Amino acid sequence: MTGRPGDKYHRDPTSQFVFLTLIAGCHAPAPTPPVNTNRHADLNGTVNAHRLDGIPLFILMATQPAKRIIMGVSGASGAIYGRMLLDELEKLGTEIHLIVSPTSHIVMREELGITFPADRFDPSKFLGRKVKPGQIVLHNDADLAAGPASGSFRSAGMVVCPCSMKTLGSLASGTGSSLVTRAADACLKERRRLVLVPRETPLNLIHLRNMTTLTEAGAVILPAMPGFYHRPTTIEELARHLVLKILDSLGVEHHIGYRWKDEG
Ligand SMILES: Cc1cc2nc3c(=O)[nH]c(=O)nc-3n(C[C@H](O)[C@H](O)[C@H](O)COP(=O)(O)O)c2cc1C
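Only a predicted model underlies this, so the values are computations on that prediction, with no experimental measurement involved.

### Quick word on the overall build of the chain
Okay, step 1: Broken down by element type, the chain carries nine helices and eight strands.
Okay, step 2: Across the 264 residues of the chain, 37% fall into the buried class.
Okay, step 3: The long-range fraction of contacts in the chain, counting pairs at least 24 apart against all pairs at least 6 apart in sequence, stands at 74%.

### Overview of the site of the ligand
Okay, step 1: By nearness alone, 16 residues border the ligand, and S74, G75, S77, S101 and M165 come closest of all.
Okay, step 2: Elements that contribute at least two residues to the shell around the ligand include exactly α4 (102-112) and α6 (165-173).
Okay, step 3: In terms of residues, the shell around the ligand owes the most to one element, α4, which gives five residues.
Okay, step 4: Here the shell around the ligand is composed, by residue class, of four nonpolar, eight polar and four charged.

### Let's talk about the packing of helix α3 (residues 79-91) against α4
Okay, step 1: Running from N to C, α3 and α4 cross one another at 95°; their axes reach a closest spacing of 9 Å. With respect to each other, α3 and α4 are oriented roughly perpendicular. Across the interface between the two elements, A79, I80 and R83 of α3 pack against V107, M108, E111 and L112 of α4.
Okay, step 2: Class assignment for the residues of the contact of α3 with α4 results in five nonpolar, no polar and two charged.

### A short note on the packing of α6 against helix α8 (residues 205-216)
Okay, step 1: Interhelical geometry of α6 versus α8 gives an angle of 50° and a closest axis separation of 9 Å. By the angle between their directions, the pair α6 and α8 is classed as oblique. α8 is crossed by α6, and the crossing has left-handed handedness. Residues M165, L168, G169, L171 and A172 of α6 form the contact with α8, whose own contacting residues are H207, N210, M211, T213 and L214.
Okay, step 2: Its residues assigned to classes, the contact of α6 with α8 shows six nonpolar, four polar and no charged.

### Comments concerning unusual backbone geometry
Okay, step 1: With an omega of -10°, the peptide bond running from C161 to P162 counts as cis.
Okay, step 2: Along the polypeptide, P162 turns up in strand β6 (residues 158-163).
Okay, step 3: A cis geometry characterises the amide bond from T201 onward to P202, with omega recorded as -10°.
Okay, step 4: Relative to the helices and strands, P202 is located in the loop between β7 (194-198) and α8.

### A word on the nonpolar core
Okay, step 1: Among the nonpolar cores identified, the biggest contains 56 residues, and V197 and I246 are the most heavily contacted of them.
Okay, step 2: Among residues more than four places away in sequence, those in contact with I246 are L85, V159, C161, V195, V197 and L222.

### So, the sheet that holds β6
Okay, step 1: On the basis of which strands lie adjacent, the open sheet formed by six strands has the order β5-β4-β3-β6-β7-β8 and parallel pairing. A strand with exactly one partner marks an edge of an open sheet, and here the two such strands are β5 (136-140) and β8 (220-221).
Okay, step 2: Most of the contacts of helix α7 (residues 179-189) go to β6, to which it runs at about 135°, and overall it touches β3 (68-73), β4 (95-100), β5, β6 and β7.

Parameters at a glance
- Just so you know, the residues in each chain are numbered from 1, in the order the chain's sequence is written.
- Side-chain atom pairs in this predicted model are given and counted only at pLDDT of 80 or more, local residue features only at pLDDT of at least 70, and totals for whole chains, interfaces and linings cover all residues.
- Numbering goes from the N terminus for both helices and strands, where a helix is a DSSP run of H or I of at least four residues and a strand is a run of E of at least two.
- The exposure label follows from counting other C-beta atoms within 10 Å of a residue's C-beta, where the C-beta atoms are placed from the backbone and the thresholds are 20 or more for buried and 12 or fewer for exposed, leaving partly exposed in between.
- Here contacts are defined at the residue level, using C-beta atoms placed from the backbone and a cut-off of 7 Å between them.
- Only the C-beta atom matters for nearness: placed from the backbone, it must lie within 6 Å of the molecule or strand for the residue to count as near.
- Following the grouping adopted for this structure description, the nonpolar residues are Ala, Val, Leu, Ile, Met, Phe, Trp, Tyr, Cys and Pro, the charged ones are Asp, Glu, Lys and Arg, and the polar ones are all others, Gly among them.
- Every axis corresponds to a line fitted to the C-alpha atoms, with the helix fit spanning only the stretch in contact, and the corresponding angles, defined between N-to-C directions, vary from 0 to 180 degrees.
- An angle below 35 degrees is treated as roughly parallel, one above 145 as roughly antiparallel, one from 65 to 115 as roughly perpendicular, and anything else as oblique.
- By convention, the crossing between two helices is left-handed when the near helix turns anticlockwise from the far helix through less than a right angle, and right-handed when the turn is clockwise.
- Each nonpolar core comprises buried Ala, Val, Leu, Ile, Met, Phe, Trp, Tyr and Cys residues, the members being joined through C-beta atoms within 7 Å.
- We treat two strands as partners when DSSP finds at least two bridges between them.

Following this line, the structure appears as structure tokens:
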């Protein structure tokens, strides 16, 4: 899947409808076509891609619609975290509104060896695999008229991963001059979950004060500090543990990675 920022990749409602009808078997009432193919989200950002009247409740419950999450990627080191998080969110069926800062392209090139033509990010190329249609909606970081710029655009929250000190500083000042910072600012004002994954070391007093300001404003500062108690043997295992923490913080159900003395 390739595309310009702003492109939307819609799910095919018909294929899901046919699948649901098949698994409902002969108990299903006469199939009613989807009556409304417009996406809408409830206040928690749960996206109802379409209504399926006439499908038994237990089928609908088993196929609960995905959450909508806004994800910003900025130009801090740690592109691997961004890639792994996007990969997991996509696999979990989350609707992701993705905003990639121009500088993050440089970091992706340096750290992952992936190059994108200017202003033409490609989620499939980034993930190294095909992306399910409808799952990732790209937005241009300069497009301050995009949906996530408004607090009325519902979502379950936002994550910036990795988060540079520049993005952190802009956020702490509440200026919102890029879509990443504006969307994050909107999450804060709407009291929605905002998870920031900063990567810098050592930290100066300005960085620390910005983190304090953002914590006071309701954001979760989740530094890109991998743990070692799960005894990682590869960089991927190391990074995955951080991604587990981010998904937990976003309130996204998942079963990746190792939990300390947690058999549940
Ligand atoms: C290879 C590379 C690595 C960088 N690593 C970091 C980093 O770890 N943390 C950070 O705050 N900035 C880092 N920077 C600097 C930011 O990219 C720079 O401040 C930029 O203005 C951030 O813009 P953005 O937040 O809009 O993406 C790095 C830059 C490059 C080119």
